[in-house]
Amino acid sequence: MTAPRTSSVVAALLRAQLRLELRTFESVPAMWLFAVTAFVLFHFGLDRDQLSGDLASGVLWVTLLLAALLAINRLYLADAEQGGFDGFLLSPADRTALLAAKVMTLLCYLVAVEIVAVPVFGVLLLQPPLGQALPGLLAVLALGDLGIAVIGALVGALAIRTQARDLLGPLVSLPLLVPVLLCVARATAPLFDPLHAGTLPLRWLVTVALYDALFGLLAFALFDFLLED
Amino acid sequence: MYGKGLRSLSLITAGAVTLTLAAVFFWAPNATYGFLEKILYLHVPLAIITLCGFVAAGLMAVAHLHTRDERWDMRSYVAIHISLIFGIAVLLSGSIWARGAWGHWWVWQEPTLVSFLLIMLLYATYQPLRFAIEDPERQARYASVFAITAGVFVPVCFGIVRLSPAYVHPRTLDNISGNLPGRMQVVFYLSMVSMTLLWVTLWKFEMTAKHVAAQLRQLRRALGEDHDDAPARRSAAPSLSRIASPN
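Note that this is a predicted model, so its numbers are computed, not measured.

A closer look at the overall build of chain A
Working step 1: A count of helical and extended segments in chain A gives nine helices and zero strands.
Working step 2: Listing the helices and strands of chain A from first to last along the sequence gives α-α-α-α-α-α-α-α-α.
Working step 3: Compactness check: chain A gives a C-alpha radius of gyration of 18 Å against a globular reference of 17 Å for 229 residues, within 12% of the reference.
Working step 4: By its C-alpha atoms, chain A is 65 × 35 × 25 Å across when sized along the principal axes.
Working step 5: Each of the 229 residues in chain A was classed as buried or not, and the buried ones make up 48%.
Working step 6: Restricting the contact set of chain A to residue pairs at least 6 apart, pairs at least 24 apart contribute 81%.
Working step 7: Of the roughly 10100 Å² of accessible surface on chain A, 67% is carried by carbon and sulfur atoms.

Thoughts on the overall build of chain B
Working step 1: For chain B, the helix and strand inventory stands at eight helices and zero strands.
Working step 2: If you list the helices and strands of chain B from N to C, you get α-α-α-α-α-α-α-α.
Working step 3: The burial tally for chain B puts 48% of its 247 residues in the buried class.
Working step 4: Sequence separation of 24 or more characterises 78% of the internal contacts of chain B that already satisfy a separation of 6 or more.
Working step 5: Carbon and sulfur atoms provide 66% of the accessible area of chain B, an area that totals close to 12100 Å².

Side note on the state of the cysteines
Working step 1: In this structure the tally under the stated criterion is zero disulfides over all chains.
Working step 2: Free of any disulfide, C183(A) has its nearest neighbouring cysteine sulfur in C157(B), separated by 11 Å.
Working step 3: The exposure class of C183(A) is buried, given its relative accessible area of 1%.

Things to note about the packing of aromatic side chains
Residues and elements named next belong to chain B.
Working step 1: Per the counting criterion, the structure on display carries 11 aromatic pairs over all chains.
Working step 2: Ring geometry for Y77 versus Y126: centroids 6.3 Å apart, planes at 35°, classification tilted. Of the two residues, Y77 is situated in helix α3 (residues 70–102) and Y126 in helix α5 (residues 126–131); the sequence distance between them amounts to 49 residues.
Working step 3: Judged by relative accessible area, which is 4%, Y77 ranks as buried.
Working step 4: Relative to W102, the ring of W97 has its centre 6.3 Å away and its plane inclined at 70°; by these criteria the two rings are edge-to-face.

Points about the packing of helix α2 (residues 38–67) of chain B against helix α6 (residues 136–163) of chain B
Residue and element names in this part refer to chain B.
Working step 1: At a minimum axis separation of 8 Å, α2 and α6 run at an interaxial angle of 140°. The pairing of α2 with α6 is recorded here as oblique in orientation. Along this stretch, α2 crosses α6, giving a crossing that reads as left-handed. Residue-level inspection shows L51, F54, V55, A57, G58, A61, V62, H64 and L65 of α2 in contact with α6, the latter providing A140, R141, S144, V145, A147, I148, G151, V154, P155 and F158.
Working step 2: Looking at the contact of α2 with α6, its residues break down into 14 nonpolar, four polar and one charged.

Digging into the environment of L99(A)
Residue and element names in this part refer to chain A.
Working step 1: For L99, the location among the structural elements is in helix α6 (residues 96–124).
Working step 2: On the accessibility criterion, L99 (7% relative accessible area) is buried.
Working step 3: Sequence separation between L99 and A153 is 54 residues, and the spatial gap between their C-alpha atoms is 6.6 Å.
Working step 4: In this structure, L99 is in contact with A153, A219, F220 and F223, ignoring residues within four places of it in sequence.

Side note on the interface of chain A and chain B
Working step 1: Every contact between the two is made by 30 residues of chain A and, on the other side, 28 residues of chain B.
Working step 2: Overall, the association of chain A and chain B removes approximately 2700 Å² of surface from exposure, summing both partners, and the carbon and sulfur fraction of that is 72%.
Working step 3: Of all residues in chain A, L158(A), Q163(A) and F225(A) give up the largest surface area on contact with chain B, accounting jointly for 20% of the area buried on that side.
Working step 4: If you look at where chain A meets chain B, you find two salt bridges.
Working step 5: If you look at where chain A meets chain B, you find eight residue pairs in polar contact (both at pLDDT 80 or more).
Working step 6: Elements with a contribution of two residues or more to the side of chain A that touches chain B: α7 (130–160), α8 (165–188) and α9 (202–222) of chain A.
Working step 7: In terms of residue class, the side of chain A that touches chain B is built from 22 nonpolar, three polar and five charged.

What to know about unusual backbone geometry
A negative phi angle is the norm for most residues apart from glycine, just as the trans form is the norm for most peptide bonds.
All names here are of chain A.
Working step 1: One non-glycine residue with positive phi stands out, namely F25, at about 50°.
Working step 2: Of note in the backbone geometry, D47 takes a positive phi value of approximately 55° without being a glycine.
Working step 3: Mapped onto the elements of the fold, D47 is located in the loop between α2 (28–46) and α3 (53–74).

What to know about the side chain of Q139(B)
Residue and element names in this part refer to chain B.
Working step 1: One can find Q139 in helix α6.
Working step 2: Under the relative-accessibility criterion, Q139 is labelled buried at 5%.
Working step 3: A polar side-chain atom of Q139 sits 2.7 Å from the main-chain carbonyl oxygen of R130.
Working step 4: Ignoring sequence-local partners within four residues, the contact set of Q139 consists of R130, F131, I133, S235, A236, A237 and P238.

Side note on the nonpolar core
Working step 1: Grouped together as the largest cluster of nonpolar side chains are 144 residues, with contacts concentrated most on F121(A), I119(B), Y123(B) and F146(B).
Working step 2: When near neighbours in sequence (up to four residues on either side) are disregarded, F121(A) contacts F39(A), A56(A), V59(A), L60(A), L126(A) and F192(A).

Quick word on α7(A)
Working step 1: In this model, α7(A) (31 residues) spans only 38 Å end to end at C-alpha, well below the 45 Å of a helix rising 1.5 Å per residue.
Working step 2: In terms of burial, α7(A) is a largely internal element, 22 of the 31 residues being buried.

Some thoughts on the environment of S8(A)
Residues and elements named next belong to chain A.
Working step 1: With respect to the element layout, S8 can be found in helix α1 (residues 6–24).
Working step 2: The spacing of S8 and L176 is 168 residues in sequence and 31 Å in space, taken between C-alpha atoms.
Working step 3: Separated by 2.7 Å, the side chain of S8 and the backbone oxygen of R5 make a polar contact.

Some thoughts on a nonpolar patch on the surface
All names here are of chain A.
Working step 1: On the surface, V40, F44, V123 and L124 cluster together into a nonpolar patch covering about 420 Å² of accessible area.
Working step 2: Those elements that place two or more of their residues in the nonpolar patch are α2 and α6.
Working step 3: Along the chain, V123 falls in helix α6.
Working step 4: Classification of V123 by relative accessible area gives exposed; the value is 70%.

The rules behind the values
- Residues numbered from 1 in each chain as written.
- Chains lettered and ligands numbered in written order.
- Predicted model: local features only at pLDDT ≥ 70, side-chain atom pairs only at ≥ 80, totals over all residues.
- Heavy atoms only, no water.
- Helix = DSSP H or I, 4+ residues; strand = E, 2+ residues; numbered from the N terminus.
- Rg over C-alpha atoms; globule rule 2.2 N^0.38 Å.
- Buried < 20%, exposed > 50% of the residue type's maximum accessible area, 1.4 Å probe, protein only.
- Contact = heavy atoms within 4.5 Å.
- Areas by Shrake-Rupley, 256 points an atom, 1.4 Å probe, with all protein chains shown as cover.
- Disulfide = S-S within 2.5 Å.
- Phe/Tyr/Trp six-rings, centres within 6.5 Å; stacked < 30°, edge-to-face > 60°.
- Axes fitted to C-alpha atoms, helices over the stretch in contact; angles between N-to-C directions.
- Parallel < 35°, antiparallel > 145°, perpendicular 65-115°, else oblique.
- Left-handed = near helix turned anticlockwise from the far one by under 90°.
- Nonpolar A, V, L, I, M, F, W, Y, C, P; charged D, E, K, R; others polar.
- Buried area = accessible area lost by both parts, 1.4 Å probe.
- Salt bridge = Lys/Arg side-chain N within 4 Å of Asp/Glu carboxyl O.
- Polar contact = N/O pair within 3.5 Å; in protein donor to acceptor, adjacent residues only side chain to side chain.
- Core = buried A, V, L, I, M, F, W, Y, C linked by side-chain atoms within 4.5 Å.
- Expected span 1.5 Å × (residues − 1).
- Patch = residues over 30% accessible without salt bridge, like charges linked within 9 Å, V, L, I, M, F, W, Y side chains within 5 Å.

Given below as structure tokens:
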């Protein structure tokens, strides 16, 4: 039996994962609800009706990051509890395919969350109009999501077969995600500034892109070792 | 055999640390910050050794995943353990320095302190992660994956946090070779050497202790004192299942 092409394995795994999500609605609706609730919490916690500049950028990114943790915690749940890992390991597929599929799954979840959460943020809390910040924001969101997805897929696999996985997943991934948060929050802050909107600090984008690439390589090199039994 | 040379190493380390402390307090010149500056002679080398220890633990973890020799996992574990203890000392001394030099116990504008905190937060999850995995083989493997990831994170985190433009504080010992007067440089390097020795000695001590404990357990088992069927206690620390023949 010849090994299937990695790209087709990734596509199949991604399809399966997304179908699972569409049938159970375990992660994305919870993330939507969490994000909106977090905006309400920030409104009361900060006692502000409208946010702009670095405060707005921080609130948006911390919310997205914490919402992502919900998905990271559940990313491998079916694989660990219902034999998904065993089934995958029995197949001749390249193990890296699972990592790639999980990264893409997380990316899809994050995009789905942001399609709802960003406009809601624009309506509920953001002071400058969302439209003028949107082109730059999309670039920052893409790079930030990639970083969250890569680190989430690696740490999720590390934490899932431990006894305190709900605890360890966030505790291990948050410090690793702080540099991502630092870069994307700094990059977003000028976009939300009502005075000189639209200037995108490229330096931070390049930094977060390099960080994503580095952890992508690291996850690629280490993921096999998490799947051995 | 880990006990070999431990006594002489300990004596050399004790001598070096004593000499360093004497040099720091009685020989190093007092500069801008007066007496308080003496803490830097310990703080900065301690921090450098801590980070080097974390990176070394990552390399040991690479060796573990490469060779599948559980002794490399033990080395990596002990390196992270010692570096964590050193790291707490670094955070405390850094905090004292920040209070004395800048008036606050914690200064967010100081990138080194902030990245150090991040790294400590990450490594603080190493022992809980180990503890949460029962199977010793998988525990070792997962711990090595963690140690490599975190070992790469250490220099990267420093780079990124340092990029922040808000950091304008004077960097006292930043440019070690450039702006330090001769005598301070000597004391600094002396402290660097003795802190390295201290790290290595403590590492060797713990390795020896773990090794001796494993040997003792094996001997007890051979004598029939220890019942094999007793449930193994869950532990975050790796244990050597088989003792390599002394060579």
